[in-house]
Amino acid sequence: MMDNLRTAANSPVLKIVLALIILSFVLTGVGGYLTSGAGSYAAEVNGQTISRVELERVFQQERDTLKDQLGDKFSVLASDEQSMKQIRNQALERLINNVLIEQYSRELGLSASDEQVKDFIRNTSYFQINGKFDNNKYLELLNRSNMSPDLFAEQTRQNLVNQQLIMAFSGSEIALPSEVKLNAELFLQQRTARLATLELKKIQAQQEVTDKDLQDYYNLNKSSFIAPEEVKVSYIKMDAVDEMNKVSATSADIDAYYEHNLKRYTQPEQKKYSLIQLATEAEAKTVVDELNKGADFGKLAAEKSTDKFSAKNHGDIGWMEEDALPEELRQANLKEKGQISSLVKVLNGFAIFHLDEIKPQIIKPLSEVRSEIEKTVKQEKAVDAFYALQQKVSDAATSDNESLAAAEEISGIKVVTTNWFDRNHVPAEINFSSVIHAIFEGNLVDGQGPTGTNSDVISVEGDRAFVLRVDNYKPETVQPFEKVKEQVTELVKRQKAEKQLQVESDKLLAALKEGKGEQALKNAGIQFGESQVIQRTSQDNMLVNAVFALPQPKEGQAEYGLTKNSLDDVVLIQLDKVTPGVVSEEQIKSMTGVYQSEMGNAMLESLLISLREKAKIKLGHIE
């Protein structure tokens, strides 16, 4: 029942409201998101502003992506102020490039319509269930990404335009078979290597640090040990599901709904038609004469109709309802089964229609749909009650802005008070982007603490809503040394271990290249593993890049190199053999498009370099 009501809250009554609010971007033009936001700007590109709000959003996206990829290791990166600054700068560079591409695309007249944006989103497989667009999955992603529907639509629009630009470059280049073959052979090349690993964690465990080491590191990196701002919140949660148990559907309600929506339960009369189409009026009149003499309509359609599609089916053009009839069939005005029309002028000649069958109108009896209507009536009443409740709570919270007591009394819903939390550890029940925004970016707190006001009603996912206030507030502060001493210890040990690892790995590599590697590896307590074949399609990109960057080994000799793995261990590489790629003619044909695409991307990079050289780019405040 709860699932049904959640569906109802997002569909029957709300479908109009949500369609206007949530999917407004597919109905009207949207734009200007790079220039939105208040305050000082992050950058200005040929007069177009990139706001600090937009930069912060992209920076947080980059940060969240790295957090997902690195897991526990992310804390090390996050504690490094220079690394965070570099990520922020990369986010700004990406935004600048996007603006330059957008401006250049406008010069070329490239665009993506609202309908194209809508179709792309609805056809994205991630948003589909059983091959159909699912609005809940769509909203779930936006909520998780802290992104509004309009902003997502604008990003989608820009991606579509960028694809057009890339396709224009890709399609403009001619890929010679010899070039494609050489590129394919390099791509399919295989390299046989053996690997030995120096583990960072082992060296880290051996490190010793003094209190002075720790205190010095802390003093130099205090900004990396910021405790984020925290709040305590009181809130009232309203849920459309709860209203389901408070409503009922009477017999009168069901009868009235059935009468008002009778068309929904009615299968209109349907008629099945056949067609013979001829190129000229004279040919058509000849066929009419044959039909009047008793000739079989289907046989003549198969033999003489110029409409090949229906001719294959002996003239059959299927079942149709009155409201869906094309104008030519309306002109035919066929009323009775077996009736043949007079000549009807059509776009490609003249047509003769035949009324094959008639299915009478069918109305489902109330007894057959009563349970379905009862459920629908209850759902609609529940949603109506849900919105009425929101209005009452909103009025109460506005009239008594000093607490949620009045809203609690009018709603009968108990106020919930949270413990302390920051924006990255929001209680699950209120963990929605719009709620988080209201708490930390709205008017509920200022530099002095809580403002003592109630929020507006905040709707989430169509079937829940909140009114809340911030009771207590702690600004972000530098955590004291004793509280982060354990974390600092691990960071200092890691820092020392990384330096030692670099020195040891460089010595090992030098010994390998000088032919003294066997003893050096033994002294380090490691050895090369079994031979393995490495291809460019292998999953470990860092290893692949390092292996394929090595020169081809001479006969009977090996080439040596090193790289790092995902744990920041050093991986020593012994390259023993290079096997050239073998390419068939079919593979050359199939890879031509890929090669053209690569060339197109290279040209796009060159275009960006050119656009940046010519552009007037003014950097603002990005911290």
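Every value quoted in this text rests on a predicted model; they were computed, and no experiment measured them. Every chain is numbered independently, its residues counted from 1 as its sequence is written. Reporting in this predicted model follows two pLDDT cut-offs: at least 70 for local features of residues, and 80 or more for side-chain atom pairs to be given and counted; totals over whole chains, interfaces and linings ignore these cut-offs and use all residues. Only heavy atoms go into the side-chain values, all of them from the structure, while hydrogens and water stay out.

Participant: Break down the overall build of the protein for me, with residues and values.
Facilitator: Across its full length, the protein carries 24 helices and 23 strands. The classification of residues rests on relative accessible area computed with a 1.4 Å probe and restricted to protein chains. Under 20% of the type maximum is buried, over 50% is exposed, and intermediate values are partly exposed. Across the 623 residues in the protein, those meeting the buried criterion constitute 39%. Any two residues whose heavy atoms approach within 4.5 Å are treated as being in contact. Long-range contacts, defined here as pairs at least 24 residues apart, represent 74% of the contacts in the protein between residues at least 6 apart. Only the protein chains shown count as cover for residues, with accessible areas throughout obtained via the Shrake-Rupley method and a probe of 1.4 Å. Carbon and sulfur atoms provide 49% of the accessible area of the protein, an area that totals close to 35,700 Å². Every helix listed is a DSSP run of H or I at least four residues long, and every strand listed is a run of E at least two residues long, numbered separately from the N terminus.

Participant: Help me get a handle on the nonpolar core, residues and values and all.
Facilitator: Membership of the largest hydrophobic core comes to 22 residues, with the highest contact counts inside it found for Ile50 and Ile96. When contributions to this core are tallied by element, the ones reaching two or more residues are β1 (41-45), α3 (52-70), α5 (81-108) and α24 (585-614). Per element, the largest residue contribution to this core is 9 residues, and it comes from α5. Sequence-distant contacts of Ile96, that is, excluding residues within four places in its chain, are made with Ala43, Val45, Ile50, Arg612, Ile617 and Leu619. In these notes, a set of buried Ala, Val, Leu, Ile, Met, Phe, Trp, Tyr and Cys residues joined through side-chain atoms within 4.5 Å is what counts as a nonpolar core.

Participant: So what's going on with the sheet that holds strand β14 (residues 416-417)? Residues and values would help.
Facilitator: Here a strand pair is declared whenever DSSP counts at least two bridges between the two strands. As summarised here, the arrangement of the 4 strands in space is β14-β7-β18-β17, forming an open sheet in which the pairing is antiparallel. Edge strands, defined here as strands with exactly one partner in the open sheet, are β14 and β17 (458-460). Pairing of β17 with strand β18 (residues 464-474), which is carried by 3 bridges, proceeds in the antiparallel orientation. Residue pairing in the sheet places Ile458 in a bridge with Phe466 of β18. The angle between two axes is taken between their N-to-C directions and runs from 0 to 180 degrees, where each axis is a line fitted to C-alpha atoms and a helix contributes only its stretch in contact. Contacting β7 (230-239), β17 and β18, helix α20 (residues 433-440) runs over the sheet at an angle of about 155° to β17.

Participant: Any details on the confidence of the model for the protein? Residues and values, ideally.
Facilitator: Each residue carries a pLDDT score, the predictor's own confidence in it, on a scale running from 0 to 100. When pLDDT is averaged along the protein, the result is 82; 85% of the residues meet or exceed 70. Here helix α2 (residues 14-21) is the element of the protein with the lowest mean pLDDT, 27, and β14 is the one with the highest, 96. Under a pLDDT of 50 for its full length, residues 1-39 has, in the predicted model, 85 contacts with residues more than four places off or in other chains.

Participant: Could you give an account of the side chain of Thr192, naming the residues involved and the relevant values?
Facilitator: Relative to the assigned elements, Thr192 resides in strand β5 (residues 190-198). In this structure Thr192 comes out as buried when scored by relative accessible area, which is 17%. Aside from chain neighbours lying at most four places away, what touches Thr192 is Ser531, Gln532, Val533, Gln574, Leu575, Asp576 and Lys577.

Participant: Can you break down the pairing of strand β12 (residues 349-359) residue by residue, with the values?
Facilitator: β12 sits mainly inside the fold: 8 of its 11 residues count as buried. Across 9 bridges, strand β9 (residues 270-278) lies against β12 in antiparallel orientation. Bridging from a neighbouring strand, Lys272 pairs with Glu357 of β12. Pairing of strand β11 (residues 344-346) with β12 involves 3 bridges; the strand directions are antiparallel. Bridge pairing in β12 places Lys345 opposite Phe350. Where β11 hands over to β12, the hairpin turn is made up of 2 residues, counted between the paired strands.

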